[in-house]
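Summary of structural features
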Amino acid sequence: MKKTFQVLDMHCSNCAMRIESLEDELPGVKSVSASYQKGQVVVEYDEQQVTPEAIVAAVKKQGYTARL
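Quick look at the structure, then. Remember, it's a predicted structure, so these values are computed and weren't measured experimentally.

A separate point is the overall build of the protein. Helices and strands together make up the secondary structure of the protein, namely three helices and three strands. N-terminal to C-terminal, the α/β element order of the protein is β-α-α-β-β-α. For 68 residues, the compact-globule estimate of 2.2 N^0.38 gives 11 Å, and the protein sits close to it at 10 Å. C-alpha atoms of the protein, sized along the principal axes, occupy 30 × 20 × 15 Å. Counting across all 68 residues of the protein, residues that qualify as buried make up 37%. Sequence separation of 24 or more characterises 59% of the internal contacts of the protein that already satisfy a separation of 6 or more. As presented, the protein carries roughly 4,200 Å² of accessible surface, and 48% of it is formed by carbon and sulfur atoms. The distance from the centre of the 8 positive side-chain charges to the centre of the 9 negative ones in the protein is 6 Å.

Encoded structure:
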């Protein structure tokens, strides 16, 4: 499954790279593509292993606010 989350508080490419590191940290996440210019993150994940709420919570732990 692929979902797009709005993350409007990314300011630079480093912010995007921090969020993209969720791919390694969150089981079930297959890919993360973040764009600070668009203010969005596209996450491809296995819905059997991780929920959109868990993705939002993981982004929040990194200091950003994600919304579906």
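Further remarks concern the sheet that holds strand E2 (residues 29-35). Strand order in this open sheet of three strands is E1-E3-E2, and the pairing throughout is antiparallel. In the strand order of this sheet, the two ends are held by strand E1 (2-6) and E2, each with one partner. Between one strand axis and the next, the sheet turns by 20° as a mean value, whatever way the strands run. Two strands pair when backbone bridges link them, and E1 and strand E3 (residues 40-45) are joined in this way by five bridges, in the antiparallel orientation. Each bridged residue has a counterpart across the sheet, and for Lys2 the counterpart in E3 is Glu44.

A separate point is helix H3 (residues 52-61). Count 3.6 residues to each turn of an α-helix, and residues three or four apart come out pointing the same way. Three or more residues of H3 are buried, namely Pro52, Ile55, Ala58 and Val59. Projected onto a plane normal to the axis of H3, the buried residues spread over an arc of 120° and lie on a single side. Structural note: H3 exposes Glu53, Lys60 and Lys61 on the side pointing more than 90 degrees away from its buried face.

Rules used in this analysis
- Residues numbered from 1 in each chain as written.
- Predicted model: local features only at pLDDT ≥ 70, side-chain atom pairs only at ≥ 80, totals over all residues.
- Heavy atoms only, no water.
- Helix = DSSP H or I, 4+ residues; strand = E, 2+ residues; numbered from the N terminus.
- Rg over C-alpha atoms; globule rule 2.2 N^0.38 Å.
- Buried < 20%, exposed > 50% of the residue type's maximum accessible area, 1.4 Å probe, protein only.
- Contact = heavy atoms within 4.5 Å.
- Areas by Shrake-Rupley, 256 points an atom, 1.4 Å probe, with all protein chains shown as cover.
- Lys, Arg positive; Asp, Glu negative; His and termini not counted.
- Charge placed at Lys NZ, Arg CZ, Asp CG, Glu CD.
- Pairing = 2+ DSSP bridges.
- Axes fitted to C-alpha atoms, helices over the stretch in contact; angles between N-to-C directions.
- Arc of directions from axis to C-beta.

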